[in-house]
Amino acid sequence: MSAYNFAYLDEQTKRMIRRAILKGLAIPGYQVPFASREMPMPYGWGTGGVQVSAAVLIPDDTFKVIDQGSDDTTNAVSIRTFFERTAGVETTTVTRDASVIQTRHRIPEERLHEGQILVYQVPIPEPLRFLEPRESETRKMHGLEEYGLMHVKLYEDISRHGHIATSYAYPVKVEGRYVMDPSPIPKFDNPKLGDMAAIQLFGAGREQRIYALPPYTQVVSLDFEDHPFEATKADHACSLCGSEDSYQDEVIIDDAGRRMFVCSDADYCKARQAAGHHGKDAA
Amino acid sequence: MTPLLSVRGITKRYGTHIGCADVSFDLYPGEVMGIVGESGSGKSTLLNCMAGQLVPDAGEVVFDTRANGPQNTVTMSEPERRMLSRTDWAFVHQHACDGLRMGISAGGNVGERLMAVGERHYGDIRGDAKDWLQRVEIDAARVDDRPTTFSGGMQQRLQIARNLVTGPRLVFMDEPTGGLDVSVQARLLDLLRGLVRDMNLSAIIVTHDLAVVRLLADRLMVMKSGRVVEAGLTDQILDDPQHAYSQLLVSSVLQV
C-alpha cells in the first residue's frame, strides 16, 4: 500500500483536480476542463469519477461504489478494491454510512444527507454533443445561453414516439443558467438531482471535464408546456423486497420468457428485506 | 425613410488578395437587391460580411434593429449579432445541406428557430411548422420525414421555410437556385417572389444567374474583382449596360 501516494494520484494532480472541482462548484453546471490523467483502467470504466474521488478522499472517509445501483458488479468491485489498496480507506455498501459515494448511472434511493459527496462517472459531458459536433460551437452556445437546440432533440422524440422517449441522460437546466448532462442516470432519478443535501461532482476522464452541483441547487428537467417531464420507471414492484417506488431492473431468468423486476439499488433492497419486507419471489 | 441596411466602405482582404473593396449601398424596407458577377468576384465575401459571418477589415454595416434603431452590426457584441441572425435575419445557403440539419425531421428543422427564441409549446411549434411547409408547397404530411428523403428543390424550399418562420425582415440568399434544374428553379423563384411581396421582406440575393435577378431584384450591383463596377435599377442595367464587364455579362446569356 505504501508504494502508492495516498489515493494513487500525486499531490499536485489532486490539487489541480480540486481547483477544477471548486470552480465547478462555484459555477453550477459549467463544464470545467481539467488535465485528466491516465488511470490504471480503460476509458469508459470511470476514469473521470476515479480521479474526482481520489482528489476528494481523506483518510477518515468511508467509501462506497455503485455500478447501476449495485455494489457487487465488476466496475464497483474493481474501483472499491482500487481505493482500498491505494488509499486504505474504509469501504462500505451501506449508503447512509458512506461519506463519499462513487456512482455509475444511478442515484441511491435513500435520501443523501449533508456532508456526503456523490461522484458520478460521466461518459459524455456535453449535452449538445449529438446535435452539434463542434466543441468550439457548443462552448459558444453555453456561453451565450443558446439552448434552443436542446428542445429540438425533445421535439424529435415527441414527433417520432408521441412522447419524450429520452429515458436516461435526460438534459437538465441548473439554476436557470447552464444546461447539463446528468450522466446516464435514468430520468427517474432526475428529480433527486435538485435540492439535494449532498455535494454532487461529475467527472469525465476521456473528455477531460469536471462539473458540479453544490448542495440544494435548483435543477429543472427540460420539457414542453404540453408535454411535461415525467420521471418514469418499470410499472412493477420489486420481486425481492416488494418496493413499488424504487427504480427496477428487469432480469430475464430463463429462455421461456420469464422475467423478474428487482430494485437496481442493491443496498436499499437488502435493507428493506432485512426490515421484513418481502416481494413475491423472495426466498 | 431610414434604410433597413446601410453598408459603408466594406473591405475584406485575404492577405494581399482583395475579397471585396469599398462597397457602399443602402437597402430600404421591402427592397430586393441583386448582386451579380463571375465566380471569385467577391459576391459571397460581401454577403458573408453583411450577414456577420465574416469580419470585414474596414467599413460598417448599419442595420435598423426593431428594438434600438440603427446599429453597426460589425462592432455590436456577438450575442446581439447572433440574436439578430436568428430573429430579424435569415440566410439561405446555396446547398440546402449547409442550411438544414439533415438528421432532423422537417418539422424539427422549421421549429428550431422558434425554439431558439423561447417557444416551448410542442403543439404550437408543430402547427407553425406544418403551416410553413404548406406555404412553401411541401405536403404537411411530410412533417416527420427527414430532409434526406426530399428532392433538391424540396430541400431548398424547406430551407426557406426554416428561415422565414420567425418573420425576419432581411433575407440573405447565396445562389438560392444554384444546382436546381430549370423547371424547379422557376417554381422556386415564383415562390420566393410571392413570399417577398407578401411578407414585405427585404432581400439581398447573390447569384450569377441573370434570370434570377430579373425576376426578383429591384436593384442590381455588378461586381468584378472585388469592386462594384455598376449599380442601378435591374431593368436599366440588364437592358442598357454601361460598363464593359456588365455588357459582357449580359451578352453572355444564351438566348433560346
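Residues numbered from 1 in each chain as written. Chains lettered and ligands numbered in written order. Predicted model: local features only at pLDDT ≥ 70, side-chain atom pairs only at ≥ 80, totals over all residues. Heavy atoms only, no water.

(A) Quick peek at the overall build of chain A. Across its full length, chain A holds 7 helices and 12 strands. Relative to the compact-globule value of 19 Å for 283 residues, chain A shows a C-alpha radius of gyration of 19 Å, a close match. Projected onto its principal axes, the C-alpha positions of chain A cover 55 × 50 × 35 Å. The contacts in chain A between residues at least 6 apart in sequence include a share of 61% that link residues at least 24 apart. Summing over all exposed atoms, chain A offers an accessible surface of approximately 12700 Å²; the carbon and sulfur share of this is 50%. Looking at chain A, you have 31 positive and 41 negative side-chain charges, and the mean spots of the two groups are 5 Å apart. (Helix = DSSP H or I, 4+ residues; strand = E, 2+ residues; numbered from the N terminus. Rg over C-alpha atoms; globule rule 2.2 N^0.38 Å. Contact = heavy atoms within 4.5 Å. Areas by Shrake-Rupley, 256 points an atom, 1.4 Å probe, with all protein chains shown as cover. Lys, Arg positive; Asp, Glu negative; His and termini not counted. Charge placed at Lys NZ, Arg CZ, Asp CG, Glu CD.)

(B) Just the packing of helix α6 (residues 152-164) of chain B against helix α7 (residues 182-198) of chain B, in detail. All names here are of chain B. The interhelical angle for the contact between α6 and α7, taken along N-to-C directions, is 15°, at an axis separation of 10 Å. As far as their axial angle goes, α7 and α6 are roughly parallel. Where α6 crosses over α7, the handedness of that crossing is right-handed. Taking contact as the criterion, the partners of Gly153, Gln156, Arg157, Ile160 and Leu164 in α6 are, on α7, Val184, Arg187, Leu188, Leu191, Leu192 and Leu195. By residue class, the composition of the contact of α6 with α7 is 7 nonpolar, 2 polar and 2 charged. (Axes fitted to C-alpha atoms, helices over the stretch in contact; angles between N-to-C directions. Parallel < 35°, antiparallel > 145°, perpendicular 65-115°, else oblique. Left-handed = near helix turned anticlockwise from the far one by under 90°. Nonpolar A, V, L, I, M, F, W, Y, C, P; charged D, E, K, R; others polar.)

(C) Structural view of the domain arrangement of chain A. Residue and element names in this part refer to chain A. Taken as a whole, chain A is organised into domain 1 (11-220) and domain 2 (233-283). When each unit is reduced to the centre of its C-alpha atoms, the spacing between domain 1 and domain 2 is 26 Å. The interface is formed by 15 residues belonging to domain 1 together with 11 residues belonging to domain 2. Summing both partners gives a buried area of about 930 Å² for domain 1 against domain 2, and 49% of it is carried by carbon and sulfur. Of all residues in domain 1, Arg106, Glu109 and Phe188 bury the most surface against domain 2, accounting for 46% of the area lost on that side. (Domains from an automatic or database assignment. Buried area = accessible area lost by both parts, 1.4 Å probe.)

(D) Representation of the interface of chain B and chain A in the model. Listed by partner, the interface residues are 22 residues for chain B and 21 residues for chain A. There are 4 salt bridges connecting chain B and chain A. Here Glu78 of chain B makes a salt bridge to Lys140 of chain A, at a shortest N to O gap of 3.2 Å. At the boundary of chain B with chain A, the tally comes to 13 residue pairs in polar contact (both at pLDDT 80 or more). Of all the secondary structure elements, the ones that give two or more residues to the side of chain B that touches chain A are α2 (78-86), α4 (106-116) and α5 (122-135) of chain B. Broken down by element, the residue count for the side of chain B that touches chain A peaks at 5 residues, all from α4 of chain B. Taken together, the residues of the side of chain B that touches chain A break down into 7 nonpolar, 6 polar and 9 charged. (Salt bridge = Lys/Arg side-chain N within 4 Å of Asp/Glu carboxyl O. Polar contact = N/O pair within 3.5 Å; in protein donor to acceptor, adjacent residues only side chain to side chain.)

(E) Here's a closer look at the UniProt feature "domain: ABC transporter" (unreviewed entry) in chain B. The sites that UniProt annotates as "domain: ABC transporter" (unreviewed entry) are residues 5-250 of chain B. What you have in residues 5-250 of chain B is 39% helix and 27% strand, and the ends, taken at the C-alpha atoms, are 28 Å apart. (UniProt positions renumbered as here; feature names shortened; annotations may be inferred.)

(F) Inspection of the environment of Met1 of chain B at higher detail. The topology assignment puts Met1 of chain B in the segment before β1 (5-14). Ignoring any residue separated from it by four or fewer positions in sequence, one finds Met1 of chain B in contact with Tyr28 and Pro29 of chain B.

(G) Representation of the confidence of the model for chain B. Residues and elements named next belong to chain B. Looking at chain B, pLDDT values average 91 and 100% of them are 70 or higher. Between the elements of chain B, mean pLDDT differs from a low of 87, seen in α7, to a high of 95, seen in α5. Two numbers describe this predicted complex: its pTM, 0.87, and its ipTM, 0.85. (pLDDT = per-residue confidence, 0-100.)

(H) Geometry of the packing of aromatic side chains. Under the defined criterion, the tally for this structure stands at 14 aromatic pairs over all chains. Both rings, one in Phe224 of chain A and one in Tyr122 of chain B, keep their centres 5.9 Å apart while their planes meet at 65°; by these two values the pair is edge-to-face. Here the residue Phe224 of chain A occupies a position in the loop between β10 (219-221) and β11 (248-252), and Tyr122 of chain B occupies one in helix α5, the pair thus bridging two chains. Residue class for Phe224 of chain A comes out buried when judged on its relative accessible area of 1%. Grouping aromatic residues by their ring pairs yields a cluster made of Tyr4, Tyr8, Phe63, Phe82 and Phe83 of chain A. Positioned above the aromatic ring of Tyr178 of chain A is the side chain of Arg177 of chain A, whose terminal nitrogen or guanidinium carbon lies 4.2 Å from the ring centre. (Phe/Tyr/Trp six-rings, centres within 6.5 Å; stacked < 30°, edge-to-face > 60°. Buried < 20%, exposed > 50% of the residue type's maximum accessible area, 1.4 Å probe, protein only. Lys NZ or Arg CZ within 6 Å of the ring centre and 35° of its normal.)

(I) Examining the domain arrangement of chain B more closely. Residues and elements named next belong to chain B. For chain B, the assigned domains are domain 1 (27-56 + 77-88 + 169-255) and domain 2 (96-167). The centre of domain 1, based on its C-alpha atoms, is set 24 Å off from the matching centre of domain 2. Contact with domain 1, which involves 15 residues of that partner, is made by 15 residues of domain 2. Summing both partners gives a buried area of about 1300 Å² for domain 1 against domain 2, and 65% of it is carried by carbon and sulfur. Its largest share of buried area at the contact with domain 2, domain 1 owes to Arg86, Leu191 and Met199, together 35% of the area lost on that side. At the surface where domain 1 touches domain 2, the tally comes to 1 salt bridge. Here Glu137 and Arg187 are joined by a salt bridge, their closest N and O atoms 3.4 Å apart. Between the two partners, domain 1 and domain 2, sit 4 residue pairs in polar contact (both at pLDDT 80 or more). Here the side of domain 1 that touches domain 2 takes 6 residues from α7, the largest share from any one element. Counted by class, the side of domain 1 that touches domain 2 contains 10 nonpolar, 2 polar and 3 charged residues.

(J) The sheet that holds strand β5 (residues 69-72) of chain B, seen in detail. All names here are of chain B. Taken together, the 4 strands give an open sheet; going across it, the order is β2-β1-β4-β5, and neighbouring strands pair in antiparallel fashion. Looking at the sheet topology across the chains shown, the edges are occupied by β2 (17-27) and β5. Sheet twist, expressed as the average angle between the axes of neighbouring strands with direction ignored, equals 20°. Direction of pairing for strand β4 (residues 58-65) relative to β5: antiparallel, over a ladder of 4 bridges. Along β5, the bridge assignment pairs Phe63 with Gln71. (Pairing = 2+ DSSP bridges.)

(K) Molecular detail of helix α3 (residues 74-86) of chain A. In this model, α3 of chain A (13 residues) spans 18 Å end to end at C-alpha, consistent with the 18 Å of a helix rising 1.5 Å per residue. One or two positions beyond α3 of chain A, positive phi appears at Gly88 of chain A, with a value near 65°. (Expected span 1.5 Å × (residues − 1).)

(L) Just the sheet that holds strand β8 (residues 202-207) of chain B, in detail. Residue and element names in this part refer to chain B. Pairing is mixed across the open sheet formed by 6 strands, whose spatial order is β6-β7-β8-β3-β9-β10. The sheet terminates laterally at β6 (89-92) and β10 (227-233), the two strands that pair on one side only. Shown here is a sheet whose adjacent strand axes are inclined to one another by a mean of 15°, direction ignored. Two strands pair when backbone bridges link them, and strand β3 (residues 32-37) and strand β9 (residues 219-224) are joined in this way by 5 bridges, in the parallel orientation. Looking across to β9, one finds that Ile35 is bridged to Met221. Lying on the sheet, helix α10 (residues 244-251) is in contact with β3, β9 and β10; it crosses β9 at an angle near 105°.

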